[in-house]
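# Overview (structure and organization)
This is what each chain is made of:
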Amino acid sequence: MGLRQDIDKEGAIVIPVFNEEKNLRATVEEIRRERITWDIITVDDGSTDGSRELLEKLPVTVISHPVNLGYGAAVQTGLRYAVAAGYGTVVLMDADGQHVPSEIPNLLAALEKGADIVIGSRLLGSSAGYRIPFLRRMGIKFFSALAEILGGTKIYDVTSGFQAMRRNVAQFLAEEYPVDFPDAEVIISLGLRKFRIAEIPARFRRREHGISMYSNPIRAFYYPFKTILASFIVLLRIIRGKK
Amino acid sequence: MSFQAKLIITAMALLNGLFVMELLRKRKLSESYTLLWFFVIGAVIFFTWAEQFLFSLTGFFGAITPVSTLTLLSLLFILVMLIFFSMKIYKMERRIQELVQRLALENAKRNQRITP
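Numbers given to residues run from 1 along each chain, matching the order in which its sequence is written. Numbering of ligands from 1 and lettering of chains from A proceed in the order in which they are written. Local features are withheld for residues below a pLDDT of 70 in this predicted model, meaning they are given only at 70 or higher, and side-chain atom pairs are given and counted only at 80 or more; totals for whole chains, interfaces and linings count all residues.

## Regarding the overall build of chain B
- Secondary structure summary: chain B contains 4 helices and 0 strands in total.
- Going from the N terminus to the C terminus, chain B shows its helices and strands as α-α-α-α.
- As a reference, a globule follows 2.2 Å times the number of residues to the power 0.38, and the radius of gyration itself is taken over C-alpha atoms. At 23 Å, chain B has a C-alpha radius of gyration far larger than the 13 Å of a compact globule built from 116 residues.
- For chain B, the spread of C-alpha atoms along the three principal axes comes to 75 × 35 × 15 Å. The numbering of helices and of strands both runs from the N terminus, where a helix is a DSSP run of H or I of at least 4 residues and a strand a run of E of at least 2.

## Thoughts on the nonpolar core
All names here are of chain A.
- The biggest cluster of nonpolar side chains holds 69 residues, and the ones touching the most others in it are Val-14, Ala-82 and Val-90.
- It is helix H3 (residues 71-84) that provides the largest number of residues to this core, a total of 8 residues.
- Residues are defined as contacting one another if the C-beta atoms placed from their backbone atoms lie within 7 Å. In this view, Val-90 contacts Gly-11, Ala-12, Val-14, Leu-79, Ala-82, Met-165 and Ala-170; residues no more than four positions away in its chain are not counted. Note on terminology: a nonpolar core is any set of buried Ala, Val, Leu, Ile, Met, Phe, Trp, Tyr and Cys residues joined through C-beta atoms within 7 Å. Here the C-beta atoms are placed from the backbone, and a residue counts as buried if at least 20 other C-beta atoms lie within 10 Å of its own, exposed if 12 or fewer do, and partly exposed otherwise.

## A few points about the sheet that holds strand E2 (residues 39-45) of chain A
All names here are of chain A.
- Strands pair, by our definition, only if DSSP identifies at least two bridges between them. The sheet built from 7 strands is open, its strands ordered E3-E2-E1-E4-E6-E5-E7 with mixed pairing. The open sheet is flanked by strand E3 (61-65) and strand E7 (197-201), the only strands paired with a single partner. Along the sheet, successive strands turn relative to each other by an average axial angle of 20°, direction set aside.
- Contacting strand E1 (9-17), E2, E3 and strand E4 (87-92), H3 runs over the sheet at an angle of about 160° to E1.
- Between N-to-C directions, angles span 0 to 180 degrees; the directions come from axes that are lines fitted to C-alpha atoms, helices contributing only their stretch in contact. The sheet strands contacting helix H6 (residues 167-175) are E4, strand E5 (117-121) and strand E6 (163-166), and the helix crosses E6 at an angle near 100°.

## Quick look at the packing of helix H5 (residues 134-151) of chain A against helix H7 (residues 184-192) of chain A
Residue and element names in this part refer to chain A.
- Relative to each other, H5 and H7 sit at 20°, their axes nearing to 9 Å. One finds that H5 runs roughly parallel with respect to H7. Pair H5 / H7 crosses with right-handed handedness. Facing H5, whose interface residues are Phe-143, Leu-146, Ala-147, Leu-150 and Gly-151, H7 presents Ala-184, Ile-187, Ile-188, Gly-191 and Leu-192. Each angle gets one of four labels, with under 35 degrees taken as roughly parallel, over 145 as roughly antiparallel, 65 to 115 as roughly perpendicular, and the rest as oblique. Left-handed describes a crossing whose near helix is turned anticlockwise from the far helix through less than a right angle; right-handed describes the clockwise counterpart.

## With respect to the pairing of E1(A)
Residues and elements named next belong to chain A.
- Counting buried residues along E1, 7 of its 9 residues qualify, which places the element largely inside the surrounding structure.
- Both E1 and E4 contribute to a ladder of 5 bridges, which runs parallel. By the bridge assignment, Val-14 is partnered in E4 with Leu-92.
- Bridge count between E1 and E2: 6 bridges; the pairing is parallel. Each bridged residue has a counterpart across the sheet, and for Val-14 the counterpart in E2 is Ile-41.

## Concerning H7(A)
Residue and element names in this part refer to chain A.
- Counting buried positions along H7 gives 8 out of 9 residues, so the element sits mostly inside the fold.
- Within the span of H7, buried status applies to Ala-184, Glu-185, Val-186, Ile-187, Ile-188, Ser-189, Leu-190 and Gly-191.
- On its buried side, H7 packs onto E5, H5, H6, E7 and helix H8 (217-239).
- At the C-terminal side of H7, Lys-194 shows a positive phi close to 65°.

Dropping the structure here:
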């Protein structure tokens with residue numbers, strides 16, 4: 001896929017979607033209510049609940065995976081599209097309503113201050129009151145420490161998918177992005193490549209419908225092992241001079 | 001090992017070879033995998049008849065009986081094959097992901113959603 005180098009559009013909001021029929025409309029309408037006029041690029045990752053049909057009726061760009069590939073792959077497809085279409089900035093947010101669109105201007109303001117990527121955090125400032133189950137909170141702390149040790153960047157909420165990034169980061173991630181649990185290893189990878197990463201407090205909400213991808217006990221068990229291994233491999237690839 | 005046992009093992013191995021050939025003929029197996037299985041069948045027949053070699057190998061490994069040596073070799077072979085097929089599956093997964101993403105992006109383009 002040839003990626004165009006010119007930037008001819010200001011920004012886009014990329015939303016990966018998998019079985020979010022009950023949350024989608026509210027998420028898109030809330031973005032529009034905030035007078036955010038950027039294009040919304042949705043990537044349906046092989047939903048089976050009617051999400052794709054609903055997306056066709058909403059004022060968004062729809063990219064459809066014919067089969068389910070996983071959260072990371074959906075994000076990567078959205079980034080590829082955004083880069084190819086010439087967007088200068090990309091905001092990543094989830095379709096489940098947990099990310100509050102009114103926080104997007106804050107992310108962009110932090111980006112303007114010189115960061116390459118800004119993470120919206122549940123663990124900073126006033127947003128620290130957001131309830132995260134104990135085990136998950138411990139996991140986030142552990143991976144935050146791992147990201148700091150391996151990647152040299154202190155990010156408290158390494159699992160946050162609420163992010164704003166410049167085109168250079170989007171271009172990099174469009175080429176190399178983990179299929180599942182793109183958390184600490186992405187932070188480490190960006191940190192090792194000297195991208196400037198910032199983290200700001202952001203309000204989050206509990207999802208109203210559906211379940212999180214971390215709720216599956218098998219995936220929850222697999223997650224820490226995969227993330228630790230992937231984090232070290234990122235470091236090893238850098239040391240060995242590969243991407 | 002008795003002569004009768006050797007004959008039975010050889011016959012089973014050859015039947016397996018015919019089965020693999022049939023799979024190749026029906027395009028259910030590639031030439032490269034067929035060659036791999038021919039190699040395995042050849043090894044089974046070789047170890048069945050070259051008893052002296054198997055005894056030497058048993059001594060080399062420090063195993064007690066030739067059966068232990070065969071078990072060890074079989075396990076090693078299975079392990080190597082599992083790693084090989086894991087690699088193959090991963091490679092396929094990557095290709096499928098790339099294809100699905102490209103298809104999705106091309107469809108989006110075709111719907112005139114990307115500025116030409």
